[in-house]
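The primary structure of each chain is shown beneath.
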Amino acid sequence: MSDGVERFVQDEGHRVVDLNEVYVPYSQQEAFHTSTAKHNLLGGAAGPGKTLALIMEHMIACNDFTDPVQARQVHTLLLRRTHPQLEATLITRFKEKIPKELYTSFNETKKVCTWRNGATTQFGSMHHENDAYGWQGQWY
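(A) Spotlight on the overall build of the chain. A count of helical and extended segments in the chain gives 7 helices and 4 strands. Order of helices (α) and strands (β) in the chain, N terminus to C terminus: α-α-α-α-α-β-α-β-β-β-α. Burial status across the chain gives 36% buried among its 140 residues. Long-range pairs, those at least 24 residues apart, make up 52% of the contacts in the chain with a sequence separation of at least 6. Summing over all exposed atoms, the chain offers an accessible surface of approximately 8500 Å²; the carbon and sulfur share of this is 51%.

Structural data, given as structure tokens:
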């Protein structure tokens, strides 16, 4: 994550965010971020930082797009099984750990973060198997 500082230099008028001050990954989180596997998995009991690693991975992926035209076409989705789990884990960690200088807005109603470059991350839930159909056909 040591090269992260360059990725997060913001436009004029915005503070430069040193990612190393915001997030120092544990060894398993670092392995997750540096893996070249097509599908990465990070498991374990409560507490090893799975949620934060997932949020940071989305933030890094979205902010890697420096071309505004391309960035506006980047849409990611983070899911939890239930809405209470979503609020208690993903959204809480997002608000605690992601500096506001890295995104332009977070729509509380739609649960969508718009990053400074125009990419978006939506937070959602999928309590029942059929809820997957509600996410089909969207831009993810």
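There's more to say after this.
(B) Structural view of unusual backbone geometry. In the Ramachandran plot, lysine 111 falls in the positive-phi region, its phi being about 60° despite a non-glycine side chain. By the element assignment, lysine 111 lies in the loop between strand E2 (103-107) and strand E3 (112-115).

(C) View of the packing of helix H4 (residues 50-63) against helix H6 (residues 83-97). The geometry of H4 relative to H6 is characterised by a closest axis approach of 10 Å and an angle of 65° between their N-to-C directions. By the angle between their directions, the pair H4 and H6 is classed as roughly perpendicular. The element H4 and its partner H6 pack so that their crossing is right-handed. Between H4 and H6, the residues in contact are Thr51, Leu52, Leu54 and Ile55 and Thr89, Leu90, Arg93, Phe94 and Lys97, respectively. Looking at the contact of H4 with H6 residue by residue, the classes come out as 5 nonpolar, 2 polar and 2 charged.

(D) Inspection of H6 at higher detail. Its 15 residues place the ends of H6 20 Å apart at the C-alpha level, agreeing with the 21 Å of an ideal helix rising 1.5 Å per residue. Within H6, the full set of buried residues consists of Leu86, Leu90, Ile91 and Phe94. Along its buried surface, H6 packs onto H4, strand E1 (75-80), E2, E3 and strand E4 (120-125). The N-terminus of H6 is capped by threonine 82, whose side-chain oxygen sits 3.2 Å from the backbone nitrogen of glutamine 85.

(E) Main features of the packing of aromatic side chains. For the coordinates displayed, the defined rule picks out 6 aromatic pairs. Plain terms: the ring middles of phenylalanine 94 and tryptophan 115 are 6.2 Å apart, the flat faces sit at 80° to each other, and that makes the pair edge-to-face. Here the residue phenylalanine 94 occupies a position in helix H6, and tryptophan 115 occupies one in strand E3, the gap between them amounting to 21 residues. Judged by its relative accessible area of 1%, phenylalanine 94 is buried. An aromatic cluster of at least three residues, connected via ring pairs, comprises Phe94, Tyr103, Phe106, Trp115 and Phe123.

(F) Region of the structure containing the side chain of histidine 75. Examined against the element boundaries, histidine 75 turns out to sit in strand E1. In this structure histidine 75 comes out as buried when scored by relative accessible area, which is 17%. Among the polar contacts listed, one links the side chain of histidine 75 to the side chain of threonine 120, at a separation of 2.7 Å.

Rules behind the numbers
- Residues numbered from 1 in each chain as written.
- Predicted model: local features only at pLDDT ≥ 70, side-chain atom pairs only at ≥ 80, totals over all residues.
- Heavy atoms only, no water.
- Helix = DSSP H or I, 4+ residues; strand = E, 2+ residues; numbered from the N terminus.
- Buried < 20%, exposed > 50% of the residue type's maximum accessible area, 1.4 Å probe, protein only.
- Contact = heavy atoms within 4.5 Å.
- Areas by Shrake-Rupley, 256 points an atom, 1.4 Å probe, with all protein chains shown as cover.
- Axes fitted to C-alpha atoms, helices over the stretch in contact; angles between N-to-C directions.
- Parallel < 35°, antiparallel > 145°, perpendicular 65-115°, else oblique.
- Left-handed = near helix turned anticlockwise from the far one by under 90°.
- Nonpolar A, V, L, I, M, F, W, Y, C, P; charged D, E, K, R; others polar.
- Expected span 1.5 Å × (residues − 1).
- Polar contact = N/O pair within 3.5 Å; in protein donor to acceptor, adjacent residues only side chain to side chain.
- Phe/Tyr/Trp six-rings, centres within 6.5 Å; stacked < 30°, edge-to-face > 60°.

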